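A closer look at the structure
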Amino acid sequence: MAAPFTIRLLRSSDAGPLVSWLSASEPWRTLGYPADAWPGYFQALTVDATREADVIEIDDVSAAGLAVVRRHVLLGDYLELFAIAPAARRRGLGQALLAHVDARAFQRTTNLYLCVSD
């Protein structure tokens, strides 16, 4: 069962906390995706009407997870980025955030695509 949480839209103020743990997480660390590249990604999300970005938060970890969905791709939606902060893992937050994304996607389409890496 998931810890008490809130799912909300991404805010510009979330970029700092998200960058701090995303840049240190796999696969981004191994791929050499630098921390200074993330702010541009988050800035683009604020102006791209084809993408939805949701943040899950819990009391002790702000911006504990992120899901970015690109709408209307190949007759469906594409889960472009999905991650849970290391300090918030194993609490059911990933399951809760994915259920949120899934429910919203299937209200408007019959397909939800994702590519998984480890």
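What counts, and at which threshold
Residues numbered from 1 in each chain as written. Predicted model: local features only at pLDDT ≥ 70, side-chain atom pairs only at ≥ 80, totals over all residues. Heavy atoms only, no water. Pairing = 2+ DSSP bridges. Helix = DSSP H or I, 4+ residues; strand = E, 2+ residues; numbered from the N terminus. Axes fitted to C-alpha atoms, helices over the stretch in contact; angles between N-to-C directions. Contact = heavy atoms within 4.5 Å. Salt bridge = Lys/Arg side-chain N within 4 Å of Asp/Glu carboxyl O. Buried < 20%, exposed > 50% of the residue type's maximum accessible area, 1.4 Å probe, protein only.

**A look at the sheet that holds strand E2 (residues 51-58)**
- A sheet is described by the order of its strands in space; here five strands give the open sequence E1-E2-E3-E4-E5, paired in mixed fashion. Bordering the open sheet on either side are strand E1 (6-9) and strand E5 (112-114), each of which pairs with just one other strand. On average, each strand axis in the sheet is tilted by 30° relative to the strand beside it, whichever way the strands run.
- Summarising the sheet, strand E4 (residues 76-84) and E5 pair through three bridges and their orientation is parallel. Bridge assignment links Asp 77 to a residue of E5, and that residue is Leu 112.
- Packing of helix H3 (residues 38-47) onto the sheet brings it into contact with E2, strand E3 (61-73) and E4, and relative to E2 it is tilted by some 115°.

**Thoughts on the pattern of salt bridges**
- For the structure on display, the rule yields 11 salt bridges.
- As a salt-bridge pair, Arg 108 and Asp 77 come within 2.8 Å of each other at their nearest N and O atoms. Separated by 31 residues along the polypeptide, Arg 108 in helix H4 (residues 93-108) and Asp 77 in strand E4 bring together distant segments of the chain.
- Judged by relative accessible area, which is 34%, Arg 108 ranks as partly exposed.

**Re helix H1 (residues 15-22)**
- Residues of H1 that are buried: Ala 15, Leu 18, Val 19, Trp 21 and Leu 22.
- Along its buried surface, H1 packs onto helix H2 (28-31), H3, E2, E3 and E4.

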